[in-house]
Amino acid sequence: MRIRYFILIFAALMAFASCGEKKKKSYDEIAMSGLTTRTENLKTNIKSYAGKGTLIGQMYGTLSGIGWNRWECDSNRCDMKALCGYRPAANGYELSGIESGKLQNADGVPFKTIREDVLTHFRKGGLLIMNWTMPNYNGNEDLLEEYAKQVAKYLDTLQDGYGIKAPVILHLLPLDGKAWYCQLGKEDYIDLYKKLQSLLEDEEVTNVVYGYSETYQPGRQLMDRYPDHHIDVINVTYYQYKSAIDLPLFKKNIQTIIAQALPFAQEHNNAFGLTTGIESIGDSSVFSDILLPELKQHHIAYLMMGRNQGEPIMEHYFTPYPGVENAKVHGFMKLVNDDITVFLEKLNGLYLEH
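So, here's what we can say about the structure. (Residues numbered from 1 in each chain as written. Predicted model: local features only at pLDDT ≥ 70, side-chain atom pairs only at ≥ 80, totals over all residues. Heavy atoms only, no water.)

Below, the discussion takes up the packing of aromatic side chains. Tallying each qualifying case throughout the model produces 18 aromatic pairs. Residues Y60 and Y93 carry aromatic rings whose centres are separated by 6.4 Å and whose planes lie at 80° to one another, so their mutual orientation is edge-to-face. Here Y60 is found in the loop between β1 (54-59) and β2 (64-65), whereas its partner Y93 is found in strand β4 (residues 90-94), with 33 residues between them in sequence. With respect to class, Y60 is no different from Y93; both count as buried. (Phe/Tyr/Trp six-rings, centres within 6.5 Å; stacked < 30°, edge-to-face > 60°. Helix = DSSP H or I, 4+ residues; strand = E, 2+ residues; numbered from the N terminus. Buried < 20%, exposed > 50% of the residue type's maximum accessible area, 1.4 Å probe, protein only.)

Written out as structure tokens, the structure is:
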């Protein structure tokens, strides 16, 4: 009798233990496509929202600024918020380094801090854009698979305590003219892009909308390497740096980019986004007289500004910040106050079905 009693007690304890091992219930709904419903909604809404206005964003917009880094000061600072009262509707991040197990990305930003910022921005309804500039795997297919696994693993961590994942736009292999894969032939680049998509799919990544990103090079036709395979967003990047500011040239090139890329994006049912800016700004008319008229005339999904970082003396900023001279502010405020521009506080329902 005593033996039977102990057996029953043991069985009860084992049953209790097994219940304790069950995973917390996830409240993230999965659509027929295999993606989360929020990710599917983002695919639709990022295109339709362009008809209502342009989301204004910034690379690392709430992670770094002039004189501060979030992971060093643990603050809630934001240059854009401090200047105009609004946070960026879109935040941009780089994933390069996560595939190799590094703690910081290629820009020196800790992945732990990126994850925290992503979830905070997601909870507020903001758009999340990630670039993955992958290192050379030298033809080692096992290494390529490992890279994809590490990226997939990180993307899976972008979820809250209820298992709800933050949907992200992921620009695979962004063509910046510098990365090793920029030297690949057209077909080899496209094959690699598609292979990475397949590998991430094998890892059951459910919170990604794929984008194609290309840096504008004057004289070269855009979209030449576009991989026509499960792409929903096209991004073109164009910066001018403080050593060679030329506003008439900037205006001409922005107009050329839009004339080439926007019709292509529309033809392929893609949203079109622009990542741009002039380092140290030069003259704030770049915002009011060059960029704003283009936003008012065309359906551009987002306008992503370059990153603000370092000390003021370095002049590494693409949007004005508190303390900068007024000549670099007034044109930006015209852009902020126009109804066509959408900041985080004005953004609603990006992940909802409409």
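Moving on, there is more to tell.
End to end, helix α9 (residues 285-297) covers 17 Å across 13 residues, agreeing with the expected 18 Å (1.5 Å per residue, within 8%). In the structure, α9 departs most strongly from a straight axis at L291, where the bend amounts to approximately 40° and where the proline P293 lies between one and four residues downstream. All buried positions along α9 are accounted for by S285, V286, F287, S288, I290, L291, L292, E294 and L295. Those residues of α9 that are buried are in contact with β1, α8 (247-267), β9 (271-278), β10 (302-305), α10 (330-336) and β11 (341-342). (Expected span 1.5 Å × (residues − 1). Bend = angle between axes of the 7 residues up to and from the residue. Contact = heavy atoms within 4.5 Å.)

Bringing the layout of surface pockets into the picture now. For the largest pocket, the calculated volume is near 890 Å³. Every residue lining the largest pocket is counted, 33 residues in all, and those nearest its centre are N131, D176, T237, Y239 and Y241. It is strand β8 (residues 233-240) that contributes the most residues to the lining of the largest pocket, four residues altogether. Considered class by class, the residues forming the lining of the largest pocket number 14 nonpolar, 13 polar and six charged. Each pocket or cavity is described by its volume, and for the second largest pocket that value is around 360 Å³. (1 Å grid on protein atoms, 1.4 Å probe; cavity = no way out; pocket = protein on both sides within 12 Å on 5 of 7 lines; lining within 4 Å. Points joined across faces, edges and corners; volume = space filled by probe spheres on them. Nonpolar A, V, L, I, M, F, W, Y, C, P; charged D, E, K, R; others polar.)

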